[in-house]
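Each chain, written out:
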Amino acid sequence: MQVLKFGGTSVGKPERMHQVAQLITKDEHSKIVVLSALSGTTNALVSIGESLAKSDKEEAKSKIQALREHYATFIEALFSTSEKAQEAQKMIDEHFEFLLITLKISFNEALNRDILAQGELMSTKLFTLYLEEIGVSAKLLPALEFMRTNEEEEPDLDLISEKLKAILAKENDATIFITQGYICKNHKGEIDNLQRGGSDYTASLVGAAINATEIQIWTDIDGMHNNDPRVVDKTFPIAELSFDEAAELAYFGAKILHPASIWPAQKMGITVRLLNTMQPEAKGTVISTATTSDDVKALAAKDGITAIKIKSSRMLLAYGFLRKVFEIFEKYKTPIDMITTSEVAVSVTIDDDTYLNKILTELEKFGTVEVDKNQTIICVVGNFVAERKGVVNNIFEALTSIPIRMISYGGSRHNISLLTDEGSKVEALKKLNTHLFDL
């Protein structure tokens, strides 16, 4: 069985949903199809929740009505028969009745998660009804019946596998299943989610849970590119990547793939393909245990980074100093991206500054603390990059005019990371593109 995930842009217009139906029925493979919400829906639901949070019921009502009108227009173009269009409209009305009910009750975070779940619930039901209209036999597989997170808010893969296999065992006749990305239930049994971009994560978890033959991630770009095509003119799709290379790129800013979505597939050794809904004939990118060369594969950039330097000639070399520093970040559940040390200072970077002030207050007990905000991590990824002669020299030749705040080299066999200010990012990516790929 294959797992195919389609993002919001892939189902964001009626004609694209028609195309997805063609893609999933072009062969006889059994498959689970994971859908995101229609493009723009999650942002609209987030905005509705924000209005409710500040008790602006009229603003929230206006936003709900605007979204409802969008779905009414979508339904008109999606279906060709009045019977299915009416059935779809009735279903959508039920979801919007729920959203209107939220105007009358107290807002809290649990309710907000219920609101955010509506996008995927509606897109999958619409798509299943459309498949019925065109004579395709498909079974709706509610993610809330099997997708679970544990007390640490991490997916419980063993429980997901157990529940999903039990459900599939009862559906011997079905070959196409439709399910929701992003949404799940937490350990309390409440509706929750896998955070933004979580549909990729859902697809990988589902693939690992059933030991799928392949996981396909369909988006609006033809695979993972060697550089950011939004800011660099000359880029190209990468034919093959190893899991480790893909994980580095996803974590450090390649937007095509959710950072967390690699490990479930890697754990089970399941090949992942990144494909383009708009150009289904394009080869895309294959991610697997294999790697094809020792070359530099790609660049990625991660914005919104804060660099923190703790300078302490008295304590840095003392036994347990670094442990005490790291415990502060652990206390506030703030991951560290990069770290460098010297005899008198240690520098780290974080991408979540929610608890920055509290972290700084505790770090100041150890010495002088300096903070640089609005930084960017630029990551050079490949196979054995750190062992390939000349790569580092080429990187620094390219960046002679770029201010470099930190360098991480040797921590991974697949990446070299550099920290610069956000204003220098585009120039740095372009210069690296020229020096490393002759583009």
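Residues numbered from 1 in each chain as written. Predicted model: local features only at pLDDT ≥ 70, side-chain atom pairs only at ≥ 80, totals over all residues. Heavy atoms only, no water.

Turning our attention to the packing of aromatic side chains. For the structure on display, the rule yields seven aromatic pairs. With 6.5 Å between their ring centres and 65 degrees between their planes, phenylalanine 79 and tyrosine 130 make a pair best called edge-to-face. On the criterion of sequence distance, the pair formed by phenylalanine 79 in the loop between α3 (57-78) and α4 (82-101) and tyrosine 130 in helix α5 (residues 109-133) is long-range, its members being 51 residues apart. Phenylalanine 79 gets classed as buried once you look at its relative accessible area, which sits at 7%. Here the guanidinium or amino end of lysine 302 rests over the ring plane of phenylalanine 252, the centre of that ring lying 6.0 Å away. (Phe/Tyr/Trp six-rings, centres within 6.5 Å; stacked < 30°, edge-to-face > 60°. Helix = DSSP H or I, 4+ residues; strand = E, 2+ residues; numbered from the N terminus. Buried < 20%, exposed > 50% of the residue type's maximum accessible area, 1.4 Å probe, protein only. Lys NZ or Arg CZ within 6 Å of the ring centre and 35° of its normal.)

This paragraph deals with the sheet that holds strand β8 (residues 240-242). Taken in spatial order, the eight strands line up as β3-β4-β2-β1-β7-β9-β10-β8 in an open sheet, and their pairing is mixed. In the strand order of this sheet, the two ends are held by β3 (139-140) and β8, each with one partner. Two strands pair when backbone bridges link them, and strand β1 (residues 2-6) and strand β7 (residues 214-219) are joined in this way by five bridges, in the parallel orientation. Counted as the bridge partner of phenylalanine 6 is tryptophan 218 from β7. (Pairing = 2+ DSSP bridges.)

Our next topic: unusual backbone geometry. The backbone of tyrosine 182 sits at a positive phi, close to 75 degrees, despite the residue not being glycine. You will see that lysine 333, though not glycine, has its phi angle at about 50 degrees, which is positive. Looking at the element boundaries, lysine 333 is found in the loop between α10 (321-331) and β12 (339-341). Lysine 333 sits in the exposed class, given a relative accessible area of 74%.

What follows is about the pairing of β7. With six of six residues buried, β7 is to be regarded as a mostly interior element. Here β7 pairs with strand β9 (residues 272-276) via five bridges, running parallel. Each bridged residue has a counterpart across the sheet, and for threonine 219 the counterpart in β9 is asparagine 276.

A separate point is the domain arrangement of the chain. Once the domains are mapped, the chain shows domain 1 (2-220) and domain 2 (297-437). Domain 1 and domain 2 are separated by 37 Å when their C-alpha centres are compared. (Domains from an automatic or database assignment.)

Quick look at the sheet that holds strand β14 (residues 368-382) now. Strand order in the open sheet made by the six strands is β12-β13-β11-β14-β16-β15, with antiparallel pairing throughout. For this open sheet the edge positions go to β12 and β15 (406-409), each flanked by a neighbour on one side alone. Pairwise comparison of adjacent strand axes, ignoring direction, gives a mean angle of 25 degrees for this sheet. One ladder, built from seven bridges, connects β14 with strand β16 (residues 415-421); its direction is antiparallel. Among the inter-strand pairings, valine 381 is bridged to a residue of β16, identified as asparagine 415. α10 rests against β11 (296-311), β12 and β13 (345-350) of the sheet, and its axis sits at about 20 degrees to β13. Its contacts with the sheet place helix α13 (residues 425-437) against β11, β14 and β16, and it is angled at close to 135 degrees to β11. (Axes fitted to C-alpha atoms, helices over the stretch in contact; angles between N-to-C directions. Contact = heavy atoms within 4.5 Å.)

Moving on, we get to helix α1 (residues 14-24). Among the residues of α1, those classed as buried are Pro14, Met17, Val20, Ala21, Leu23 and Ile24. Check the buried side of α1 and you find it contacts β1, β2 (31-35), α3, α5, β4 (176-180) and β7.

Taken together, the side chains of Glu151, Glu152, Glu153 and Glu154 define an acidic patch exposed on the protein surface. Its place among the elements puts glutamate 152 in the loop between β3 and α6 (157-169). With relative accessibility at 56%, the residue glutamate 152 sits in the exposed group. (Patch = residues over 30% accessible without salt bridge, like charges linked within 9 Å, V, L, I, M, F, W, Y side chains within 5 Å. Areas by Shrake-Rupley, 256 points an atom, 1.4 Å probe, with all protein chains shown as cover. Salt bridge = Lys/Arg side-chain N within 4 Å of Asp/Glu carboxyl O. Lys, Arg positive; Asp, Glu negative; His and termini not counted. Charge placed at Lys NZ, Arg CZ, Asp CG, Glu CD.)

So, about helix α2 (residues 41-53). With 13 residues, α2 should cover 18 Å at 1.5 Å per step; its first-to-last C-alpha distance of 18 Å lies within 8% of that length. Of the residues making up α2, those classed as buried are Thr41, Thr42, Leu45, Ile48, Gly49, Ser51 and Leu52. Among the structural elements, α3, α4 and α5 are those in contact with the buried residues of α2. Count one or two residues on from α2 and you reach serine 55, which has phi positive near 60 degrees. (Expected span 1.5 Å × (residues − 1).)

Our next topic: a nonpolar patch on the surface. Together, Leu322, Phe326 and Ile339 make up an exposed nonpolar region whose accessible area comes to about 210 Å². Residue class for leucine 322 comes out partly exposed when judged on its relative accessible area of 32%.

In contact at an axis separation of 10 Å, α4 and α5 are set at 175 degrees when each is read in the N-to-C sense. When the interaxial angle is binned, α4 and α5 end up roughly antiparallel. Residues Lys84, Glu87, Ala88, Met91, Ile92, His95, Phe96, Phe98 and Leu99 of α4 form the contact with α5, whose participating residues are Leu111, Asp114, Ile115, Gln118, Leu121, Met122, Lys125, Leu126, Leu129, Glu132 and Glu133. (Parallel < 35°, antiparallel > 145°, perpendicular 65-115°, else oblique.)

This brings us to the packing of α2 against α5. Remark: α2 packs on α5, axes separated minimally by 9 Å, with the N-to-C direction vectors making an angle of 160 degrees. When the interaxial angle is binned, α2 and α5 end up roughly antiparallel. Once α2 is placed against α5, the crossing between them reads as right-handed. On α5, the residues touching Thr41, Thr42, Leu45, Val46, Gly49 and Leu52 of α2 are Asn112, Ile115, Leu116, Gln118, Gly119 and Glu120. Across the contact of α2 with α5, the residue classes tally to five nonpolar, six polar and one charged. (Left-handed = near helix turned anticlockwise from the far one by under 90°. Nonpolar A, V, L, I, M, F, W, Y, C, P; charged D, E, K, R; others polar.)

Next up on the list: the pattern of salt bridges. Under the defined criterion, the tally for this structure stands at 22 salt bridges. For glutamate 132, the salt bridge is made with lysine 84, and the minimal N-O distance between the two is 2.6 Å. Of the two residues, glutamate 132 sits in helix α5 while lysine 84 sits in helix α4, which places them 48 residues apart along the sequence. Glutamate 132 sits in the partly exposed class, given a relative accessible area of 39%. Take lysine 84: its relative accessible area is 12%, and that puts it in the buried class. Here aspartate 351 and lysine 302 are joined by a salt bridge, their closest N and O atoms 2.8 Å apart. Here the residue aspartate 351 occupies a position in the loop between β13 and α11 (356-363), and lysine 302 occupies one in strand β11, the gap between them amounting to 49 residues. On the accessibility criterion, aspartate 351 (34% relative accessible area) is partly exposed.

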